[in-house]
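Listed here are the chains, written in short residue letters.
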Amino acid sequence: MPQGIPPGVPCSCLHSCKYDDLSASLPAKPQLQTLIPPMRLLAIFFNLFEPLFKFAQRVLGHSRIGWMFVGPNLLVIAVFTFLPIVINVAYALTGGVNLMPAQRPYAGMENFSILLECRDYLDLQTCRKDVFWRALFNTVRFSAIQVVLMVLFSLVTALVLNRKIIGRGFWRGVFFYPVLLSPVVVALIWKWLLQTQGVFNAVLVSAGTGPVEWLTDAQWAFFWTIFVSIWAHMGFYTLILLAGLQAIPKDMYEAAELDAASPWRVLYRITLPLLVPNLIVVLVLALIRAVQIFDEVFVLTGGGPGSATTFIVQFIYQTGFAEQIHLYGLAAAASLLLAAGLVILTLLQLRLTRAEQSGQRAR
Amino acid sequence: MNTAFPQTKTLLALALAAGIPAMSMATDIRVMCYQDGIECEVTSAIARRFEAQNPDVKVIVDTVPYKSIVEQLPVQLAAGQGPDIARVTDLGGLSKYYQDMTPYLKDAKYLEANFGSTLPWLRPSAADKGIYGFMSQLTMTGPYVNRTLFEQAKVPMPGAKATWEEWIEATRKVGKATQTQAALAWDRSGHRFAGPAISYGAKIFDAKGDLTIDDGYKTAVTKFVGWHKDGAMLKEVWGGSGGSTYADSIGEFKNARVAMVLSGSWQINRLQKDIGNAFDWVAVPNPCGPAACTGIPGGAAWVSLKTSKAPAQVAMFLEFMAREDNYAEFISKTENIPAHAGLAKKGVAYPTATPAARAALGVFSGGVASLAPAAYQFQGYKYNRAMMLPTVARTTQAIVGEISVDEALSKIAGDMADAVKQAQK
């Protein structure tokens with residue numbers, strides 16, 4: 001008899017018997033007595049539900065009883081994930097400043113048309129909500145630059161950290177450490193370094209040059225938002241790539257060494273092709289994270305100077321919550337547009353993954 | 001064994017245990033309070049005395065950041081949640097959530113007589129005569145000057161009726177001589193901006209009583225942007241943020257990075273505490289423009305909220321707070337300007353105030369008389385934020401060169417119209 005099966009229970013019952021049969025074959029009293037007191041209490045507690053399960057099985061049948069177990073989880077997901085989406089759509093289709101949906105007048109697609117209304121789409125200034133477009137443009141620009149640099153730096157760092165260098169564990173820790181910090185802490189640290197009377201300018205002034213407007217000049221502020229976000233999150237992506245590198249079979253490299261392949265050839269022919277699945281994960285995660293950028297930039301620059309570092313999530317937050325006249329409908333409409341963008345990115349990820357999988361099968 | 005009796009005894013004991021606290025349970029009143037200085041601490045002390053006199057009422061003062069009052073309280077109230085009392089600054093904007101205390105007040109005439117000029121600020125409409133709370137203090141926007149820097153630069157301080165241009169010129173000289181980072185700074189706030197705007201001739205309201213961006217407002221925006229471009233204004237305060245986020249300039253003043261700031265009377269306690277003997281500072285009357293020499297009145301108000309389940313006790317506590325002796329204690333300890341007419345007439349003693357703080361209180365109190373009528377009207381207007389917020393966001397865009405001044409003005413008007421339209425739906 002396999003270990004752990006109570007005496008008196010036929011082996012076949014454990015896999016194929018109905019619940020009724022199993023419970024009927026279990027000698028309840030002797031089993032409870034063998035349990036330690038807390039477990040015994042627990043067993044008594046669960047036994048209370050036995051009639052309910054028996055009833056449910058009788059009503060639902062054996063094949064549908066599973067729904068009863070996943071039901072509570074589905075309910076939680078429905079209430080906390082799908083219901084907010086429905087409510088968000090309701091807000092996007094209504095106007096006014098009232099919070100309760102019942103008090104909000106129906107506005108149809110007005111919020112979307114306010115957001116998207118432009119006399120000339122090549123001139124943001126002609127748009128009714130030009131800050132929305134600026135935020136959108138900033139987000140696209142930020143994502144394009146930041147994601148490319150993030151993947152590149154993460155890859156280079158992972159390749160270096162995968163080699164047998166002195167203090168490898170220490171360096172891995174150094175690169176991963178910023179990931180452990182809260183984005184707000186990261187932003188505050190860099191703000192203290194970059195503000196007009198911060199550390200960087202103190203060094204510049206003591207070196208005899210004037211202070212630089214790191215955070216009040218639009219170009220510099222944009223540069224620093226990219227830099228800080230890469231600094232803060234690169235460790236995470238490096239870790240994913242490092243795991244991918246370590247999963248590459250060593251014999252591939254040994255074979256390449258026997259063939260006297262150059263390091264570049266090894267990189268292009270072995271490492272990068274075998275790292276593609278991890279690179280896709282990193283690319284997609286970094287892209288989604290870049291589109292959602294908010295917290296550290298909000299603390300670092302407040303979206304300024306002007307709207308130079310205002311991204312789409314900050315626009316939504318400001319429109320819906322930070323301004324004293326709360327335009328929930330407009331914010332909800334903008335968030336749905338953002339969601340549409342994220343759906344496109346997710347579909348792209350699925351397509352890339354499928355293409356990669358079919359490529360692997362073909363190989 | 002007969003177990004009926006012990007069971008009965010147990011049930012009786014449980015019933016008594018449950019009943020005793022129920023009988024002695026006090027009514028809780030939650031007060032959402034923010035503070036610039038020690039306002040919530042003083043309120044708590046007064047609340048303890050109120051509790052001693054009214055053992056059936058317990059007052060819980062929750063001290064929260066100002067940001068919570070601005071961002072979270074309106075959402076809570078809209079959702080039908082919230083405290084019983086709050087200390088608010090968006091006086092008209094939140095008026096639909098206020099509870100009229102009149103039926104619960106012992107002496108409504110006392111509040112009418114002493115807070116009559118500011119009670120309309122809390123009313124949802126001009127026709128309404130309800131009493132929804134009272135001003136915890138009056139505030140007035142106005143400038144502070146670093147006198148030590150002026151002395152070091154050997155530049156005479158402009159007089160009481162000096163214009164903004166004269167102050168800019170003087171602080172520019174001071175900045176140059178003392179190598180401060182910039183001459184002056186203004187709080188990043190549409191409320192603060194409105195004072196100079198009215199001084200430059202902004203009417204704020206058109207003939208129909210709607211908000212308008214007129215030539216006076218245009219002049220003020222143009223000059224303000226120009227002062228940033230020529231380096232007179234510290235760029236970090238307005239240019240350092242996006243959107244309409246509030247940022248004060250007091251930090252820059254305390255660190256002597258500028259010779260002058262435009263802020264308000266509520267900062268006196270903070271300046272006294274933080275600057276100490278580091279340098280001499282003074283409050284000066286609001287500089288003049290061609291139309292006026294005005295700041296903007298304002299302040300915070302204690303308001304009774306509809307979300308309260310104990311409106312009678314709320315009214316009792318607020319009446320207690322408004323009593324002349326308690327109000328005088330609050331004003332005196334927090335070093336604020338009284339909104340209580342009787343007290344203002346008698347004068348308030350500020351025993352803990354330094355000579356500089358006392359002088360500053362005198363300057364602000366004296367300045368109340370020179371406030372322009374438009375300043376009062378603007379402060380009491382329900383949708384004043386619709387003008388204040390776009391002013392900050394759009395003027396900043398012009399300051400950093402994203403858009404021109406004309407574009408900024410056109411965008412302020414557009415955003416303002418959109419916000420008012422949405423708020424009126």
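### Quick word on the overall build of chain B
Summing up its helical and strand segments, chain B has 18 helices and eight strands in all. Across its three principal axes, chain B shows a C-alpha extent of roughly 100 × 50 × 45 Å. For chain B, the residues scored as buried account for 52% of the 425 residues in total. Put simply, of all contacts in chain B between residues at least 6 apart along the chain, 74% involve residues at least 24 apart.

### A look at the overall build of chain A
Check the secondary structure of chain A and you find 17 helices and zero strands. Split into buried and exposed, the 363 residues of chain A put 28% on the buried side.

### A short note on the interface of chain B and chain A
Every contact between the two is made by 31 residues of chain B and, on the other side, 30 residues of chain A. Here the side of chain B that touches chain A is built from residues that sort into eleven nonpolar, twelve polar and eight charged.

### Focus on the domain arrangement of chain B
Residue and element names in this part refer to chain B. When its domains are assigned, chain B resolves into domain 1 (18-138 + 298-346) and domain 2 (140-297 + 358-424). Listed as interface residues are 14 residues of domain 1 and, on the opposing side, 19 residues of domain 2. Looking at the side of domain 1 that touches domain 2 residue by residue, the classes come out as four nonpolar, seven polar and three charged.

### Comments concerning the nonpolar core
The tendency in soluble globular proteins is for nonpolar side chains to be buried side by side. Of all hydrophobic cores here, the largest spans 193 residues; its most connected members are L184, V258, V261 and V303 of chain B. The element contributing the most residues to this core is helix α8 (residues 130-161) of chain A, with eleven residues. Beyond its immediate sequence surroundings of up to four residues, L184 of chain B is in contact with T171, A232, M233, V258, A259, M260 and V261 of chain B.

### Side note on the confidence of the model for chain A
Residues of chain A with pLDDT of at least 70 account for 89%, and the chain-wide mean is 86. Low pLDDT, under 50, characterises residues 1-27 of chain A; the stretch is placed with 22 contacts to residues that sit more than four places away or in other chains.

### Some details on the confidence of the model for chain B
Residues and elements named next belong to chain B. Of the residues in chain B, 94% have a pLDDT of 70 or more, and the chain-wide mean is 91. With pLDDT under 50 throughout, residues 18-23 is counted as low confidence; its partners more than four residues away or in other chains account for zero contacts. Overall fold confidence for the complex sits at a pTM of 0.80, while the interface term, ipTM, reaches 0.78.

### Focus: unusual backbone geometry
Cis geometry is found at the peptide bond from G304 of chain A to P305 of chain A, where omega equals 0°. Inspection of the secondary structure puts P305 of chain A in the loop between α15 (295-300) and α16 (312-322). Although it is not a glycine, A260 of chain A sits at a positive phi angle of roughly 60°. When you line up the elements, A260 of chain A lands in the loop between α13 (250-258) and α14 (263-291). Here the phi dihedral of A256 of chain B falls at roughly 55°; this positive angle occurs in a residue that is not glycine. Along the polypeptide, A256 of chain B turns up in the loop between α10 (250-254) and β6 (260-264). Residue A256 of chain B is classed as partly exposed on the basis of its 17 C-beta neighbours within 10 Å.

### Notes on the pairing of β6 of chain B
All names here are of chain B. Burial analysis of β6 places five of its five residues in the buried class, which makes it a mostly covered element. Of the two faces of β6, the one holding M260, L262 and G264 and the one holding V261 and S263 are both buried throughout. In this structure, strand β4 (residues 133-146) lies alongside β6, joined through five bridges in antiparallel fashion. Within β6, the position partnered with P143 by the bridge is L262.

### Brief notes about the pairing of β4 of chain B
All names here are of chain B. Most of β4 is tucked away: 14 of the 14 residues are buried. In terms of strand pairing, β4 meets strand β8 (residues 297-304) through seven bridges, oriented antiparallel. What sits directly across from F134, in β8, is W302. Two strands pair when backbone bridges link them, and β4 and strand β7 (residues 281-283) are joined in this way by three bridges, in the antiparallel orientation. Along β7, the bridge assignment pairs V145 with V282.

### Quick word on α13 of chain A
Where burial is concerned, little of α13 of chain A is hidden: zero out of the nine residues are buried. Positive backbone phi, approximately 60°, marks A260 of chain A, located one or two places after α13 of chain A.

### Regarding the environment of S335 of chain A
All names here are of chain A. Among the secondary structure elements, S335 is positioned in helix α17 (residues 328-362). By C-beta crowding, S335 is classed as buried, having 21 other C-beta atoms within 10 Å. Along the sequence, S335 and V313 sit 22 residues apart, while their C-alpha atoms lie 7.7 Å from each other.

### Considering helix α5 (residues 50-60) of chain A
Counted residue by residue, α5 of chain A has zero buried out of eleven residues, so it is predominantly exposed. Immediately beyond the C-terminal end of α5 of chain A, within one or two residues, lies G61 of chain A, with a positive phi of roughly 90°.

### Let's talk about the environment of Q146 of chain A
Residues and elements named next belong to chain A. Note that Q146 resides in helix α8. Sequence-wise, Q146 and I344 are 198 residues apart; in three dimensions their C-alpha atoms are separated by 19 Å. Once residues within four sequence positions are removed from consideration, Q146 is found in contact with I226, S229, I230 and A290.

### Quick word on the packing of α8 of chain A against helix α12 (residues 218-247) of chain A
Two packed helices can be described by the angle between their axes and the distance between those axes. All names here are of chain A. Between α8 and α12, the shortest axis-to-axis distance is 7 Å and the interhelical angle comes to 45°. Judged on the interaxial angle alone, α12 and α8 are oblique. As α8 runs across α12, the sense of the crossing is right-handed. Contacts between α8 and α12 involve F142, I145, Q146, L149, M150, F153, S154, L155, T157, A158 and L161 from the first element and T225, I226, S229, I230, H233, M234, Y237, T238, L241, L242 and L245 from the second. When the residues that make up the contact of α8 with α12 are grouped by side-chain class, the tally is 15 nonpolar, seven polar and no charged.

### Some remarks on the packing of helix α10 (residues 183-194) of chain A against α12 of chain A
All names here are of chain A. Relative orientation of the contacting elements α10 and α12 amounts to 130°, with a least axis distance of 11 Å. One finds that α10 runs oblique with respect to α12. When you trace α10 past α12, the crossing you get is right-handed. Residues P183, V186, A187, W190 and L194 of α10 form the contact with α12, whose participating residues are W224, V228 and A232. Considered class by class, the residues forming the contact of α10 with α12 number eight nonpolar, no polar and no charged.

### Topic: the environment of Y34 of chain B
Residue and element names in this part refer to chain B. With respect to the secondary-structure elements, Y34 resides in the loop between β1 (27-33) and α2 (39-53). Y34 sits in the buried class, given 21 other C-beta atoms within 10 Å. On a C-alpha basis, the gap between Y34 and A341 in space is 24 Å, while along the polypeptide they are 307 residues apart. Not counting chain neighbours up to four residues away, the residues in contact with Y34 comprise V64, P65, Y66, I69 and R87.

Basis of the calculations
Residues numbered from 1 in each chain as written. Chains lettered and ligands numbered in written order. Predicted model: local features only at pLDDT ≥ 70, side-chain atom pairs only at ≥ 80, totals over all residues. Helix = DSSP H or I, 4+ residues; strand = E, 2+ residues; numbered from the N terminus. Buried ≥ 20, exposed ≤ 12 C-beta atoms within 10 Å, placed from the backbone. Contact = placed C-beta atoms within 7 Å. Nonpolar A, V, L, I, M, F, W, Y, C, P; charged D, E, K, R; others polar. Domains from an automatic or database assignment. Core = buried A, V, L, I, M, F, W, Y, C linked by C-beta atoms within 7 Å. pLDDT = per-residue confidence, 0-100. Pairing = 2+ DSSP bridges. Axes fitted to C-alpha atoms, helices over the stretch in contact; angles between N-to-C directions. Parallel < 35°, antiparallel > 145°, perpendicular 65-115°, else oblique. Left-handed = near helix turned anticlockwise from the far one by under 90°.

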